[in-house]
Amino acid sequence: MADRKIVIAGTGSGVGKTTLTIGLMAALRNLGHQVQGFKCGPDYIDPTFHTAVTGRSSRNLDSYMLSHDTVKEIYTRASHDADISIIEGVMGFYDGKNPKNNVGSTAEISMLLDAPVLLVVNCQSMARSAAAIVKGFQCMEPRARIVGVIANRVGSANHHRIVSEAIEQECGIPVLGYLLRDDQLSMPERHLGLVPSIERGELQPFFDSLSTLISSTVDVQRIWELAESPEVELSEDSLRIFIPADSLPQSQVTIAVAKDAAFNFYYQENIELLEANGAKCIYFSPLAGEPLPAGVHGLYLGGGFPEEFADKLAADEAEHVRQSIREAISGGLPTLAECGGFMYLTDSIANTNGQTYPMLGLIPGTVRMQKKLAALGYREITGTEGNFLLGAADKAKGHVFHYSTFQPGVAADKQTDAQSHDSQSGSIKASNPQPEMALRHAYVTKGLRGTKPEGYLNEQGNLIAGYTHIHFASEPALAQRWVEQCKQYKQLKEH
């Protein structure tokens, strides 16, 4: 049985993969097709674009964090009722976890799914040399099926013709279109306002313009034809981790999930695995002044951009929100806080302008923003004793990406002497910092630079927090453990 899917790969980061992907999705949607989006690797922003354009929840496909069977399962579950799947690559086509192999790369995903590949090449300031680049990508991995090329940043239609003649003669595959380098359309900055702008529909004119542009210089119909490929099949003995929607168990506990412009980074599979184990997930917005919903049995504070909204999160008007979360966690509510959620639970967030805003004070210490990247990459995660999600013998995988560092400190009620209040901004400015204190870590993480303890586990053992974004599908049992912990909390509250 045939399937339709195409991987949008690039020779490197910044060559125009996302622009082409979104434009192609919009063009196909305008032709009446149901389009399913996917993103290779651990990215949250691009799937948000995909979801807005296609009207379907985009999914991440990651062959390092997840088993090959799980990648296939995620793909087949999401694409089964779509007309075509568009899979956006990450970085360069062969870039992944290890420079010596294809693990975690877009190339590995394309081979795993037997998907044809459209290679985006930055052709600025070159002609025949573009063919040498494409040829190299073809020869690097013969099992990868590069079926066409998009020439990006060409100077003119004539430049496109010259590049196309060279590539088609030397590489034997068609150049299916081009984008001019002087086109005024450029992707919005991946910053604090992006997600809410997408959700409010403010970028729809941009998406429409991209659709028109792609339709005028790219052979969309030919791409549709080249996307026909073998159906992805799961073997009979493959381990299935997801439950069909019509077979989900009756909800036994409720988990509150923070969802707004400050907290919005969640893998959809994380939510679905919680639901598959008997949790009902409901959403609330701390940024909009919504307190923790009453009667919940768990709390999920995901990543996002709390530092960009620190003034609103720290405002006097939001004290009832902070207090509702503070009281619930202090009362034993099973909680996972990742990256931005972790930052929100610390004593304070200090921005790059020297202003410090008080947060919930449940994790002793200050988060300090910086202009350079503090950490990036995959993490192998090992739990610790007392961690209800991952015990000392349990392992999972995840990733980190943040521009801040965490400085452990004394408890919040002892920090007043080390802070001065700025009456004009409402923020707190640090004076003499207190010495660091030892905290109980939530897990041990291993990355390119070695192994180190990470995160925070409170004395009660109900709060797990840290910078690492955990993909639950890398260890599905942790979703079950969280739901079980929520059941125990529910029973305690009922007696």
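Residues numbered from 1 in each chain as written. Predicted model: local features only at pLDDT ≥ 70, side-chain atom pairs only at ≥ 80, totals over all residues. Heavy atoms only, no water.

(A) Quick look at the environment of asparagine 152. In this structure, asparagine 152 sits in strand S6 (residues 146-154). Residue classification places asparagine 152 among the buried positions, given a relative accessible area of 6%. Residues in contact with asparagine 152, not counting those within four places in the same chain, are Val15, Gly16, Val120, Val121, Asn122, Cys123, Gln124 and Leu179. (Helix = DSSP H or I, 4+ residues; strand = E, 2+ residues; numbered from the N terminus. Buried < 20%, exposed > 50% of the residue type's maximum accessible area, 1.4 Å probe, protein only. Contact = heavy atoms within 4.5 Å.)

(B) A nonpolar patch on the surface, seen in detail. Together, Leu373, Leu376, Phe401 and Tyr403 make up a nonpolar patch on the protein surface, roughly 360 Å² of accessible area in all. Tracing the sequence through the fold places leucine 373 in the loop between strand S17 (363-369) and strand S18 (375-383). We classify leucine 373 as partly exposed; its relative accessible area is 32%. (Patch = residues over 30% accessible without salt bridge, like charges linked within 9 Å, V, L, I, M, F, W, Y side chains within 5 Å. Areas by Shrake-Rupley, 256 points an atom, 1.4 Å probe, with all protein chains shown as cover. Salt bridge = Lys/Arg side-chain N within 4 Å of Asp/Glu carboxyl O.)

(C) How the structure looks around the sheet that holds strand S9 (residues 253-258). Read from one edge to the other, the open sheet built from six strands follows the order S11-S9-S12-S14-S26-S25, with strand pairing classed as mixed. The open sheet has two edge strands with one neighbour each: strand S11 (279-284) and strand S25 (456-457). Pairing of S25 with strand S26 (residues 463-466) involves two bridges; the strand directions are antiparallel. Its bridge partner lying in S26, leucine 457 is registered against isoleucine 464. Its contacts with the sheet place helix H10 (residues 268-276) against S9, S11 and strand S12 (298-301), and it is angled at close to 135° to S11. (Pairing = 2+ DSSP bridges. Axes fitted to C-alpha atoms, helices over the stretch in contact; angles between N-to-C directions.)

(D) Inspection of the nonpolar core at higher detail. Core analysis: the biggest nonpolar cluster contains 152 residues, and Leu274, Tyr300, Ile325, Tyr344, Leu345, Phe472 and Trp482 have the highest contact counts within it. Counting residues per element, this core draws most heavily on helix H1 (residues 17-30), which supplies seven residues. (Core = buried A, V, L, I, M, F, W, Y, C linked by side-chain atoms within 4.5 Å.)

(E) Main features of the side chain of glutamine 355. By the secondary structure assignment, glutamine 355 is in the loop between strand S15 (346-350) and strand S16 (356-358). Under the relative-accessibility criterion, glutamine 355 is labelled buried at 18%.

(F) Here's a closer look at the packing of H1 against helix H2 (residues 45-54). Two numbers describe how H1 lies on H2: the axes approach to 9 Å, and their chain directions differ by 15°. The angle between H1 and H2 falls in the class roughly parallel. Note that H1 runs across H2; the crossing there is right-handed. Across the interface between the two elements, Thr18, Thr21, Ile22, Met25, Ala26 and Arg29 of H1 pack against Asp46, Phe49, His50, Val53 and Thr54 of H2. By residue class, the composition of the contact of H1 with H2 is five nonpolar, four polar and two charged. (Parallel < 35°, antiparallel > 145°, perpendicular 65-115°, else oblique. Left-handed = near helix turned anticlockwise from the far one by under 90°. Nonpolar A, V, L, I, M, F, W, Y, C, P; charged D, E, K, R; others polar.)

(G) Structural context of helix H12 (residues 319-330). Over its 12 residues, H12 extends 16 Å from the first C-alpha to the last, a length consistent with the 16 Å expected when each residue adds 1.5 Å. In this fold, the buried residues of H12 make contact with S11, S12, helix H11 (310-313), strand S14 (335-338), helix H13 (340-344) and S26. Two residues or fewer after H12 comes glycine 332, characterised by a positive phi angle close to 105°. (Expected span 1.5 Å × (residues − 1).)

(H) Molecular detail of the pattern of salt bridges. In this structure the tally under the stated criterion is 17 salt bridges. For the salt bridge of arginine 161 with glutamate 165, the shortest nitrogen-to-oxygen distance reads 3.0 Å. Of the two residues, arginine 161 and glutamate 165 are both situated in helix H6 (residues 157-171); the distance of four residues between them amounts to about one turn of the helix. The exposure class of glutamate 165 is partly exposed, given its relative accessible area of 47%. One continuous salt-bridge network, built from bridges that share partners, spans Arg59, Arg77, Glu269 and Glu272.

(I) Layout of the sheet that holds strand S27 (residues 469-471). The five strands lie next to each other as S24-S23-S18-S19-S27, forming an open sheet whose pairing is antiparallel. This sheet does not close on itself; its edge strands, each paired only once, are strand S24 (450-454) and S27. Here the strands of the sheet are splayed against their neighbours by 35° on average, with no regard to which way each runs. Taken together, the three bridges between strand S19 (residues 395-402) and S27 define a ladder with antiparallel strand orientation. Each residue of the ladder has a partner; that of glycine 398, found in S27, is isoleucine 470.

(J) Expanded view of the packing of aromatic side chains. According to the stated counting rule, one finds 17 aromatic pairs in the structure shown. With 4.8 Å between their ring centres and 5° between their planes, tyrosine 44 and phenylalanine 265 make a pair best called stacked. Taken together, the positions of tyrosine 44 in the loop between strand S2 (35-40) and H2 and phenylalanine 265 in strand S10 (residues 263-265) put the pair 221 residues apart, joining distant regions of the chain. By the burial criterion, tyrosine 44 is buried, and phenylalanine 265 matches it. (Phe/Tyr/Trp six-rings, centres within 6.5 Å; stacked < 30°, edge-to-face > 60°.)

(K) Quick look at the packing of H1 against helix H8 (residues 204-217). Between H1 and H8, whose axes approach to 8 Å, the crossing angle comes to 85°. Compared by their axis directions, H1 and H8 come out roughly perpendicular. Residue-level inspection shows Thr19, Leu20, Ile22, Gly23, Leu24, Ala26, Ala27 and Asn30 of H1 in contact with H8, the latter providing Phe207, Leu210, Ser211, Ile214 and Ser215. For the contact of H1 with H8, a count of residues per class yields eight nonpolar, five polar and no charged.

(L) Representation of unusual backbone geometry. In this structure, arginine 153 is a non-glycine residue whose phi angle is positive, near 60°. As for its position among the elements, arginine 153 is in strand S6. What makes arginine 153 partly exposed here is its relative accessible area of 27%. Despite not being glycine, cysteine 339 has its phi angle at roughly 50°, a positive value. Residue placement: cysteine 339 occurs in the loop between S14 and H13.

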